[in-house]
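Spelled out, the chains give:
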Amino acid sequence: MVKETIRVYARVKPLGRQQQAGIYSVDDNEKSLSSLEIIVPRDLADGFVNNKRESYKFKFQKIFDQEAKQDVVFDSIAKPVAECVLAGYNGTIFAYGQTGSGKTFTITGGAERYSDRGIIPRTLSYIFDQLQKDSSKVYTTHVSYLEIYNECGYDLLDPRHEASGLEDLPKVTIMEDPDQNIHLKNLSLQQATNEEEALNLLFLGDTNRMIAETPMNQASTRSHCIFTIHISSKEPGSATVQHSKLHLVDLAGSERVAKTGVGGHLLTEAKYINLSLHYLEQVIIALAEKKRSHIPYRNSMMTSVLRDSLGGNCLTTMIATLSIDKRNIDESIATCRFAQRVALIKNEAVLNEEIDPRLVRLKKEIQELKDELALVTGKQRTSELSQEELLRLDELLETFLEDNDPDSTLDVGADMRKIKYCFIHVKVFLLNLDGSAAGTENKLKTFTVEKCQKKCNTVERYCKGVKQLNYILVNMLKKEKKKAQDALFQLNAASACSTVFEQSPSINLEESQSPSSCFSLKEAKDFSSSVHRLPFLSRKTGKMSLGCQEAFEVFKQDHADSITIEDNKQLLKQKFAEAKCLGEKLNEVRIKISEYILTSFYLLADEITAFRGYGKRFYYKAMFNRVKGLKIEIEHLQLLIKKVKMKLQKDFEVWCILSYFRTPPSSSTSIPLTGDSQADADILAFIKARQNILQKKGKSCQK
Ligand SMILES: Nc1ncnc2c1ncn2[C@@H]1O[C@H](COP(=O)(O)OP(=O)(O)OP(=O)(O)O)[C@@H](O)[C@H]1O
């Protein structure tokens, strides 16, 4: 807990050109309090016997003279408060003084120069800077902006739109809970994750502020404004959260109504303002009197909102803004008197820590669920398993791990404690696999290893089998290919010798072969076209079987057409690259043209621009046509590649037929099946087709 009286500072506003300075002196003391002396010369008109005081002395924590810059004010006043707020304490800084004395300039800042930024933007910047540096905690920051005008509260951060008048803003009302805590109904808390977002909210609020003119100040604020920064912080893993808030208050002008010379509607306003400041004064007087038990906070909205800041859980600072103009001397003295009373108020700031409400909620939820579970199961579940339950679990685990049946299961019921226990147990067994655990664990270890080895052996055998099959198939296809090449060679030779297929449809391809194995190229081609696409070459899915694909690849490599395909592919690549390059250029030109169109829209009279635009358009059109041409060329090439590929596949089929039919039918039985059910079915269908043809052929020969 930090016990401290409210710190009171004074800031003297620089005098305007036509202002005449009152007599005052500052005794700035670095070590203790500084003092301000205001001299009011006795008015001779009051006569020679005049007991009026001539000198007024006031003590302040520090006095900022006319030359004091905003950064100095921030460093001395706001920075220490912001540090406390970051540490989890509540803080308040409020500016009090007559209209035009520099309250808004000190709290919010001036709009002319960046260096004129006041306490709010500088504090936001400082806080977000610190939050970024501190990675030990998770911070959440919100801001709220309240305006109190004629005893009514308004939410300046209404996100829907910028209000055209105060009436358009949501009305904020005060609610008090049984513990006498104040809650502001309708005041929105806007989250700000960084400085920029927080500043945007400040600007939104400032735009919404009610500004009216008084004879004293052309743009004076006649309402109280409270900008609040709310910070929540939590260390990861910690159960406690800290909540703190910093009120930055710009009070309305404290001058007396008679002096301002206002009337009518403005007089009503002034009365309200003065009334609320009067109540503020009453609260401060009451707080300064040690014997007073009742503090009249509830008399006005402003004192209700600032209840904690005045004599409560808060580190509070007041800035008395003074206009040391000859005409404003009385007001300045009044402000200083008020400040002296405020300086007597003692506050007790405590660290605002609480158990994370989410944690409290979760704990409650867990208890409720436990109760529900106990009701359903009829058992009260504790966090630990009983000795009996543990023994039963051990038995179940042992039976499960010793069971050779791979489909055996371990059923421990829907109890997370038991499931976790089993997992841990199994993990321990696995970790001990290489250790020398004895007894059951050892048995289980051996059992697990055996089981694993068995599995490995099966997989190994399986892989071996697949490899063997692959090897057989590839060899088979290689042999077939060689035979086909021989056959083709002989065919070529035969055709060279003018042995026309048509004349002798049953030309022997190899003299040594049996007559039934003879097959002409034409027949092979006919067969190919009649079967259309052989089942093992083209599946219903349109894909070849794996072995066939492999064979096709080997076949393709040696085929003359594959060179054509490669050439075409290269050409296609080039065309694609060219088309891409042109496409990019085209886009560039398109952007330039739209820029030109936009420019010429603004400079319609400028014919040169328009002409240039046309030139670009022409260029664009030519490029467009070129790309179009390339597209057609690419499509043509793609078609060509497709055609060559189809031709290759057809040739491959013919080659397969030829090579297969060269072998005697009896040899088909020696063909090892692949093991792949679909491929085997293809092969068998192929053999059947071949036998049918041979049968037909035999019949026609007999005829
Ligand atoms: N320290 C200062 N340095 C330079 N200009 C200042 C200073 N203090 C105040 N001013 C200027 O004086 C004028 C009035 O100041 P400001 O609006 O802050 O007064 P105020 O006390 O907030 O008045 P109100 O009660 O009407 O809101 C503004 O133009 C402001 O820029």
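What you see as residue numbers is a count from 1 along each chain, following the sequence as written. Reporting in this predicted model follows two pLDDT cut-offs: at least 70 for local features of residues, and 80 or more for side-chain atom pairs to be given and counted; totals over whole chains, interfaces and linings ignore these cut-offs and use all residues.

Regarding the overall build of the chain
When helices and strands are tallied, the chain shows 17 helices and 17 strands. By residue count, 27% of the 703 residues in the chain fall in the buried class. Intrachain contacts of the chain at a sequence separation of at least 6 include 69% that bridge at least 24 residues. In this description a helix means any DSSP run of H or I spanning at least four residues, a strand means any run of E spanning at least two, and both kinds are numbered starting from the N terminus. Burial is judged by counting the other C-beta atoms within 10 Å of a residue's own C-beta: 20 or more makes it buried, 12 or fewer makes it exposed, and any count in between marks it as partly exposed, with every C-beta position built from the backbone. The contact criterion used here is simple: two residues whose C-beta atoms, placed from the backbone, lie within 7 Å are in contact.

Re helix H4 (residues 195–208)
By definition here, a helix of n residues has an expected span of 1.5 Å times n minus one. The end-to-end C-alpha distance of H4 is 20 Å, a good match for the 20 Å that 14 residues give at a rise of 1.5 Å each. Of the positions making up H4, those classed as buried are Ala198, Leu201, Leu202, Gly205 and Asn208. One side of H4 carries all its buried residues, which in axial view fall inside an arc of 125°. Opposite the buried face of H4, by more than 90 degrees, sit the exposed residues Glu196, Phe203 and Thr207. The directions considered for the arc are those from the helix axis to the C-beta atoms.

As for helix H11 (residues 416–431)
If you check H11, its first and last C-alpha atoms are 22 Å apart, about what 16 residues at 1.5 Å a residue would give, namely 22 Å. Little of H11 is tucked away: zero of the 16 residues are buried.

A look at the environment of Lys418
You can see Lys418 is positioned in helix H11. According to the C-beta neighbour criterion, Lys418 is partly exposed, with 19 such atoms within 10 Å. For Lys418 and Leu385, which are 33 residues apart along the polypeptide, the C-alpha to C-alpha distance reads 7.7 Å. When residues no more than four places from it in sequence are discounted, the contact partners of Lys418 are Leu385, Leu393, Val412 and Gly413.

Points about the sheet that holds strand E5 (residues 55–60)
Any two strands with at least two DSSP bridges between them are considered paired. Within the open sheet, the three strands sit side by side as E3-E4-E5. Their pairing is antiparallel. Sheet topology places strand E3 (23–27) and E5 at the edges, where each strand pairs with a single neighbour. Pairs of neighbouring strands in the sheet enclose a mean axial angle of 15°, with direction left out of account. In this sheet, strand E4 (residues 34–39) lies alongside E3 in antiparallel orientation, the contact comprising five bridges. Paired with Val26 across the strands is Leu36, a residue of E4. Axis definition: a line fitted to C-alpha atoms, limited for helices to the stretch in contact. Angles are taken between N-to-C directions and run from 0 to 180 degrees.

Quick word on the pairing of strand E13 (residues 224–234)
Of all 11 residues that make up E13, eight are buried, and the element is covered over most of its length. As defined by bridge partners, E13 adjoins strand E14 (residues 240–250) across 10 bridges and the pair is classed as antiparallel. By the bridge assignment for E14, Cys225 is matched with Asp250. Counting the residues that bridge the hairpin from E13 to E14 gives five residues, and of these Gly237 lies at a positive phi of roughly 90°.

Points about the confidence of the model for the chain
Per-residue confidence from the predictor is given as pLDDT, running between 0 and 100. Scored by pLDDT, the chain comes out at a mean of 73, with 61% of its residues at no less than 70. Every residue in residues 211–220 is under pLDDT 50, and counting partners more than four places away or in other chains gives 22 contacts. Scored below 50 in pLDDT, residues 600–617 makes 15 contacts in the model with residues more than four places away or belonging to other chains. The ipTM for the predicted assembly is 0.97, set against a pTM of 0.55.

A word on unusual backbone geometry
The phi dihedral of Asn150 falls on the positive side, at around 50°, and the residue is not glycine. Secondary-structure assignment places Asn150 in the loop between strand E8 (138–149) and strand E9 (152–155). Judged by the 16 C-beta atoms lying within 10 Å of it, Asn150 falls in the partly exposed class. Despite not being glycine, Glu151 has its phi angle at roughly 70°, a positive value. Following the sequence through the fold, Glu151 ends up in the loop between E8 and E9. By C-beta crowding, Glu151 is classed as partly exposed, having 13 other C-beta atoms within 10 Å.

Looking at the packing of helix H1 (residues 70–86) against helix H3 (residues 119–133)
Put simply, H1 and H3 touch, their axes get as near as 10 Å, and they point 45° apart. The pairing of H1 with H3 is recorded here as oblique in orientation. Where H1 crosses over H3, the two elements pack in a sense that is right-handed. Here H1 contributes Phe74, Ala78, Lys79, Ala82 and Leu86 to the contact with H3, which in turn contributes Ile119, Arg122, Thr123, Tyr126, Ile127 and Gln130. Gly is placed with the polar residues, together with every amino acid not listed as nonpolar (Ala, Val, Leu, Ile, Met, Phe, Trp, Tyr, Cys and Pro) or charged (Asp, Glu, Lys and Arg). Residues belonging to the contact of H1 with H3 are distributed by class as follows: seven nonpolar, two polar and two charged. Oblique is the label for any angle not under 35 degrees, not over 145, and not in the 65 to 115 range, which are roughly parallel, roughly antiparallel and roughly perpendicular in turn. Crossing handedness: left-handed means the near helix sits turned counterclockwise from the far one by under a right angle, and right-handed means the same turn made clockwise.

Structural notes on the UniProt feature "binding site: ATP" (unreviewed entry) in the chain
UniProt positions are given in the numbering used here, feature names are shortened, and annotations may be inferred rather than shown by experiment. Here, UniProt's "binding site: ATP" (unreviewed entry) annotation points to Gly97, Gln98, Thr99, Gly100, Ser101, Gly102, Lys103 and Thr104. Note that Gly100 resides in the loop between strand E7 (91–97) and helix H2 (103–107). With respect to the helices, strands and loops of the structure, Lys103 is situated in helix H2. Ignoring any residue separated from it by four or fewer positions in sequence, one finds Lys103 in contact with Ala95, Gly97, Asp250, Leu251 and Thr321.

What about the nonpolar core?
The nonpolar side chains of soluble globular proteins are, as a tendency, buried together. Nonpolar cores are identified as sets of buried Ala, Val, Leu, Ile, Met, Phe, Trp, Tyr and Cys residues joined via C-beta atoms within 7 Å. Membership of the largest hydrophobic core comes to 85 residues, with the highest contact counts inside it found for Ala10 and Ala339. In terms of residue count, the dominant contributor to this core is H1 (nine residues). Once residues within four sequence positions are removed from consideration, Ala10 is found in contact with Leu36, Phe60, Ile63, Phe64, Ala320, Leu322 and Ala339.

Observations regarding the environment of Ile319
On the secondary structure map, Ile319 appears in strand E15 (residues 315–322). C-alpha of Ile319 to C-alpha of Val8: the two residues are 311 residues apart in sequence and 6.0 Å apart in space. Beyond its immediate stretch of four places on either side in the chain, Ile319 contacts Tyr9, Arg11, Ile77, Ile93, Ala95 and Thr106.

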